[in-house]
Amino acid sequence: MPKATSSSTHGETLTQSKTRIAYPSMYKVIILNDDFTPIDFVIYVLERFFSKSSEEAQQITWNIHHNGSGVCGIFTREIAETKVNQVNDCARGHHHPLQGIMEKA
């Protein structure tokens, strides 16, 4: 809610408002581990849709493999939804059960 302040200059009243900026909520895009999707495909997805370097993609992939899931990035809601859809559509197109999800950061 804006906060108003007043000041007087030669009979005139000036009002200033302070507005708080609401930043958009951020969401984590997470890839879930499964026992069937090849590691090379997970690396490919991370490089293609998340612009990860080969080394970053390998680290995230091993995190997914060992911990059951891994964060691929943090984005605004619309971008996170798009990334999840890209991952899931690509996986289905290649007949892999790989799944991406998003959750509030």
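Residues numbered from 1 in each chain as written. Predicted model: local features only at pLDDT ≥ 70, side-chain atom pairs only at ≥ 80, totals over all residues. Heavy atoms only, no water.

## Some remarks on the sheet that holds strand β4 (residues 69-76)
Under the convention used in this document: Paired strands are those between which DSSP finds at least two bridges. A run of DSSP states H or I qualifies as a helix once it reaches four residues; a run of E qualifies as a strand once it reaches two. Both are numbered from the N-terminal end. With axes taken as lines fitted to C-alpha atoms, and helix axes fitted only over the stretch in contact, angles between N-to-C directions fall between 0 and 180 degrees. Any pair of residues with heavy atoms lying within 4.5 Å of one another is described as a contacting pair.
With antiparallel pairing, 3 strands are arranged side by side in an open sheet as β4-β3-β5. Looking at the sheet topology across the chains shown, the edges are occupied by β4 and β5 (99-104). When the angles between neighbouring strand axes are averaged without regard to direction, this sheet yields 30 degrees. In the sheet, strand β3 (residues 26-32) pairs with β4 via 7 bridges, with the strands oriented antiparallel. Residue pairing across strands places L32 opposite S69, the latter belonging to β4. Docked against the sheet, helix α2 (residues 54-67) engages β3 and β4, running at close to 125 degrees with respect to β4. The strands touched by helix α3 (residues 77-93) are β3, β4 and β5; relative to β5, the strand with the most contacts, the crossing angle is about 165 degrees.

## Overview of the pattern of salt bridges
Convention followed: By convention in these notes, a salt bridge is any Lys or Arg side-chain nitrogen within 4 Å of a carboxyl oxygen on Asp or Glu. For every residue, the accessible area obtained with a 1.4 Å probe (protein chains only) is divided by the maximum for its type, and the residue is called buried under 20%, exposed over 50%, and partly exposed between those limits.
Under the criterion given, the structure shown has 2 salt bridges. For E103, the salt bridge is made with K28, and the minimal N-O distance between the two is 3.3 Å. Note that E103 is positioned in strand β5 and K28 in strand β3, a separation of 75 residues in sequence. Overall, the relative accessible area of 24% leaves K28 in the partly exposed class. The residue R77 makes a salt bridge to E81 at a minimum N-O spacing of 3.1 Å. Here the residue R77 and the residue E81 both occupy positions in helix α3, the gap between them amounting to 4 residues, near one helical turn. Of the residues examined, R77 reaches a relative accessible area of 42% and is grouped as partly exposed. Exposure remark for E81: the relative accessible area of 31% places this residue in the partly exposed category.

## Considerations on unusual backbone geometry
Positive phi outside glycine occurs at S51, with the angle close to 55 degrees. Of note, S51 is situated in the loop between α1 (39-50) and α2. Using a relative accessible area of 63% as the deciding quantity, one classes S51 as exposed. In this structure, H95 takes a positive phi of about 60 degrees despite not being glycine.

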